[in-house]
Amino acid sequence: MKDTVIELIKNYRLIAIIRNVEREDLIPLCNALYDGGVRLVEITFSSDGLRDEITAQDIRLVAEHFAGKLVVGAGTVVTSKQVQMTRDAGGKFIISPNTSGAVINETKKCGLVSIPGALTPTEIINAYSFGADFVKVFPVGKSGSEYIRAIKAPLSYIPLLAVGGVDLDNLKEYLATGIIGVGIGSNIVHKGYIKQKNFAAIQRLASEYVEIIEGNRSK
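So, a few notes on the structure that sits alongside this text. (Residues numbered from 1 in each chain as written. Predicted model: local features only at pLDDT ≥ 70, side-chain atom pairs only at ≥ 80, totals over all residues. Heavy atoms only, no water.)

1. What to know about the overall build of the chain
Rules: Put simply, DSSP H or I for four residues or longer makes a helix, DSSP E for two residues or longer makes a strand, and each gets a number counted from the N terminus. The atom set for the radius of gyration is the C-alpha atoms, and the globule formula is 2.2 Å times the number of residues raised to the power 0.38. Here the term buried applies to any residue with accessible area under 20% of the maximum for its type, exposed to any over 50%, and partly exposed to those in between, with areas from a 1.4 Å probe on protein chains only. Note on definitions: a residue-residue contact is assigned when non-hydrogen atoms from the two residues lie within 4.5 Å. Reported accessibility uses the Shrake-Rupley method at a 1.4 Å probe radius. Residues are deemed covered only where the shown protein chains occlude them.
The helix and strand tally for the chain stands at 10 helices and nine strands. Against the 2.2 N^0.38 benchmark of 17 Å for 219 residues, the chain shows a C-alpha radius of gyration of 16 Å, consistent with a compact globule. In terms of overall dimensions, the chain has a C-alpha envelope of 45 × 40 × 30 Å along the principal axes. Burial analysis of the chain (219 residues in total) assigns 52% to the buried set. In the chain, of all internal contacts separated by at least 6 residues, the share reaching a separation of at least 24 is 61%. As presented, the chain carries roughly 9800 Å² of accessible surface, and 50% of it is formed by carbon and sulfur atoms.

2. Focus on the packing of helix α4 (residues 80-89) against helix α5 (residues 101-109)
Counted only if it meets this: Simply put, an axis is a line fit to the C-alpha atoms, just over the touching stretch for a helix, and the angle between two N-to-C directions goes from 0 to 180 degrees. Throughout this description, any angle smaller than 35 degrees is read as roughly parallel, any larger than 145 degrees as roughly antiparallel, any in the 65 to 115 degree range as roughly perpendicular, and the remainder as oblique. Note on convention: near helix rotated counterclockwise from far helix by under a right angle means a left-handed crossing. Clockwise means right-handed. Three classes are used, and their members are as follows: Ala, Val, Leu, Ile, Met, Phe, Trp, Tyr, Cys and Pro are nonpolar, Asp, Glu, Lys and Arg are charged, and the others, Gly among them, are polar.
Put simply, α4 and α5 touch, their axes get as near as 8 Å, and they point 25° apart. In terms of axis orientation, α4 runs roughly parallel to α5. Remark: the crossing between α4 and α5 carries right-handed chirality. On α5, the residues touching Ser80, Val83 and Gln84 of α4 are Ala102, Val103, Glu106 and Thr107. Taken together, the residues of the contact of α4 with α5 break down into three nonpolar, three polar and one charged.

3. Some words on the pairing of strand β2 (residues 40-44)
Formally: At least two bridges found by DSSP between two strands are what make those strands a pair. Looking down the strands as they point away from the viewer, one classifies a crossover as right-handed if the path from the first strand across the helix to the second runs clockwise.
Extensive coverage of β2 is indicated by the burial of five of its five residues. Covered by surrounding structure in β2 are Leu40, Glu42 and Thr44 together with Val41 and Ile43, the residues of both alternating faces. Sheet topology note: the strand β1 (residues 14-18)/β2 ladder contains three bridges and is parallel. Following the sheet pairing, Ile18 is matched in β2 by Ile43. Relative to strand β3 (residues 71-75), β2 runs parallel, the two being bridged by five bridges. Each residue of the ladder has a partner; that of Glu42, found in β3, is Gly73. In this view, the connection linking β2 to its parallel neighbour β3 by way of helix α3 (residues 52-65) has right-handed handedness.

Printed below as a string of structure tokens:
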């Protein structure tokens, strides 16, 4: 199953990041993302760890409701316990804002896909040497696509995801660097649209990102 998830990430190249969304909105939100062409979603734990059980329940809800349609993983994973909770809830990949050997090791033990966060070349190499399947370059916003291009030159063997600052205006630039894919949060999972229950607008946003990715694939 892990190899299948790795191939899905390589193929679809877009992970939608769901953070602090009320449970009543999760299913219509994920329906909108799916209808817009998204196939991978990350549901984040809270940084304070106080809502871990709630997050695990959210992951289970989406994983079960969209079984065979969406691949669900967890984000902001900073402890081994959160990895275990994700596995038990049906999550398939683990994304972190940092690189933790303990989290990567637990992820591998649980048979999940490991995507730790790193920024500098040293951090990226360390993350990969610890056993990461992909490395999330985070945050890329101020560094930009040229930074990704620069680090890809010596580190071309490491599969990278760009997260934090990727939008419709620069998505093509990031894809052109040779990265595996991107993680996108509020630029797709628009809090204003969710508050308005305007899930059709979120579907349109998702489809715009997917269209760019598909267009880049054909070149």
